[in-house]
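Listed here are the chains, written in short residue letters.
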Amino acid sequence: MDVLVVGAGEMGRWFARSVGAAADGVAFADVDRAAAEVAAAEVGGDVVALDGEERADVVCVAVPMRLTAAAIADHAGRAREALVDLSGAMAGPVAAMAEHAPDVERASFHPLFGPGNAPGRIAAVTGADGPTVERLRGVLADAGNDLFETTPEEHDTAMETVQARTHAALLAFALADEDVPEPFGTPIYDRLESLVAEFLSGTPRVYADVQTTFEGAEDVAAAAERVAQADHETFEELYRSASE
């Protein structure tokens, strides 16, 4: 099978590296042709025009979350056998693939890690199964990833906590945090500081996409307000409630 990756960012390159050994060839298309050329050089692939007519057995859409549905509509016709995406959201992309690629195999994969932490768990929604999608799942599993099947609704609901609420809490702490001399750090504080540092090493646009896609940040803000306004007794009640 040959593979066309639409989007030459980190996740697109991760997918190309992951399936490249099992593919007859990999090509990249990106709005930034220079980025596609860098990606192709990195994985040993080719570059094709974003608005070109080149087709492939597998088309993988790996663009920013807010652009995925539109990119699926634009490039679905380039897939001969299977169309997949790597979006962090699933309801919109899965629906877009069903609408624009009803006659090919379809799957949505969400790697629950950054490329630097691969391999890891991958959430998968199979819209239309078949030998090519099955082969892709096998290749990803052989690379050490743990794939599990879910639904768009279950996935997107989980992401409200796993991503939106978690990221909002970390960013809020980072904004409120003040430097303290190193000897004053406690185990909990030091671990949180480490998490914040890891979080802030990412790409702002990616995290902004999460917050505009999934609800959850308002719940964190409301909970923080309850904590801030709590008296001694109420704080104890909130603490016990959280621990339960």
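Attention here is on the structure that accompanies the text.

Here is what the cut-offs are and how they apply
- Residues numbered from 1 in each chain as written.
- Predicted model: local features only at pLDDT ≥ 70, side-chain atom pairs only at ≥ 80, totals over all residues.
- Heavy atoms only, no water.
- Pairing = 2+ DSSP bridges.
- Helix = DSSP H or I, 4+ residues; strand = E, 2+ residues; numbered from the N terminus.
- Buried < 20%, exposed > 50% of the residue type's maximum accessible area, 1.4 Å probe, protein only.
- Contact = heavy atoms within 4.5 Å.
- Right-handed = clockwise from strand over helix to strand, strands pointing away.
- Phe/Tyr/Trp six-rings, centres within 6.5 Å; stacked < 30°, edge-to-face > 60°.
- Salt bridge = Lys/Arg side-chain N within 4 Å of Asp/Glu carboxyl O.
- Core = buried A, V, L, I, M, F, W, Y, C linked by side-chain atoms within 4.5 Å.
- Patch = residues over 30% accessible without salt bridge, like charges linked within 9 Å, V, L, I, M, F, W, Y side chains within 5 Å.
- Areas by Shrake-Rupley, 256 points an atom, 1.4 Å probe, with all protein chains shown as cover.
- Axes fitted to C-alpha atoms, helices over the stretch in contact; angles between N-to-C directions.
- Left-handed = near helix turned anticlockwise from the far one by under 90°.
- Nonpolar A, V, L, I, M, F, W, Y, C, P; charged D, E, K, R; others polar.

## Remarks on the sheet that holds strand 5 (residues 79-85)
Point 1. Spatial strand order, 3-2-1-4-5-6-7-8: 8 strands in an open sheet with mixed pairing. The sheet is open, and its two edges are formed by strand 3 (46-47) and strand 8 (146-149), each paired on a single side.
Point 2. Pairing of strand 4 (residues 56-61) with strand 5 involves 5 bridges; the strand directions are parallel. Each residue of the ladder has a partner; that of V61, found in strand 5, is D85.

## What about the side chain of H155?
Point 1. Along the chain, H155 turns up in helix 6 (residues 152-176).
Point 2. Relative accessible area serves as the criterion here: at 4%, H155 is assigned to the buried category.
Point 3. The residues contacting H155, other than those within four sequence positions of it, are G88, A89, M90, H110, A123 and T150.

## Looking at the pairing of strand 6 (residues 105-111)
If a strand is regular, its side chains alternate between the two faces of the sheet.
Point 1. Extensive coverage of strand 6 is indicated by the burial of 7 of its 7 residues.
Point 2. Both faces of strand 6 are covered, namely the face carrying E105, A107, F109 and P111 and the face carrying R106, S108 and H110.
Point 3. Note: strand 5 against strand 6, 4 bridges, orientation parallel. Within strand 6, the residue paired with D85 across the bridge is S108.
Point 4. What joins strand 5 to strand 6 is helix 4 (residues 91-100), and the crossover it makes is right-handed.

## Quick look at the packing of aromatic side chains
Within a pair of aromatic rings, the relevant descriptors are the distance that separates the centres and the angle that separates the planes.
Point 1. For the coordinates displayed, the defined rule picks out 4 aromatic pairs.
Point 2. Note on W14 and F113: the rings are 5.7 Å apart at their centroids and 75° apart in plane angle, and the pair reads as edge-to-face. Of this pair, W14 sits in helix 1 (residues 10-20) while F113 sits in the loop between strand 6 and strand 7 (121-128), placing them 99 residues apart in sequence. Of the two residues, W14 and F113, both sit in the buried class.
Point 3. Three or more aromatic residues joined by ring pairs form one cluster here, namely W14, F15 and F113.

## What to know about the pattern of salt bridges
Point 1. Within the structure shown, the criterion is met by 11 salt bridges.
Point 2. Measuring nitrogen to oxygen at the nearest pair gives 3.3 Å for the salt bridge that ties E42 to R13. On the criterion of sequence distance, the pair formed by E42 in helix 2 (residues 33-43) and R13 in helix 1 is long-range, its members being 29 residues apart.
Point 3. Owing to a relative accessible area of 42%, E42 belongs among the partly exposed residues under this scheme.
Point 4. For D219, the salt bridge is made with R165, and the minimal N-O distance between the two is 2.6 Å. Remark: R165 occurs in helix 6 and D219 occurs in helix 9 (residues 217-229); sequence separation between them is 54 residues.
Point 5. By relative accessible area, which is 41% here, D219 ends up partly exposed.

## Let's talk about the nonpolar core
Point 1. Ranked by size, the top nonpolar core spans 29 residues in total, and within it V3, V5, F15, F28, V84 and F109 carry the most contacts.
Point 2. Leave out the neighbours within four places in its chain, and V3 touches F15, V19, A23, G25, V26, A27, A56 and V58.
Point 3. V6, I72, M97 and A101 belong to the second-largest nonpolar core, a separate cluster that totals 17 residues.

## Examining a nonpolar patch on the surface
Point 1. A surface patch of nonpolar side chains, about 320 Å² in accessible area, is lined by L171, L175 and L200.
Point 2. Mapped onto the secondary structure, L175 falls in helix 6.
Point 3. Of the residues examined, L175 reaches a relative accessible area of 68% and is grouped as exposed.

## Comments concerning the packing of helix 6 against helix 8 (residues 204-213)
Point 1. Remark: helix 6 packs on helix 8, axes separated minimally by 9 Å, with the N-to-C direction vectors making an angle of 120°. Both helix 6 and helix 8 take part in a crossing whose hand is left-handed. In contact with Q163, A164, H167 and A168 of helix 6, helix 8 contributes Y207, V210 and Q211.
Point 2. Counted by class, the contact of helix 6 with helix 8 contains 4 nonpolar, 3 polar and no charged residues.

## Some remarks on unusual backbone geometry
Point 1. Here the residue pair A118 and P119 is connected by a cis peptide bond, since its omega of 0° sits within 30 degrees of zero.
Point 2. Within the secondary structure, P119 is located in the loop between strand 6 and strand 7.

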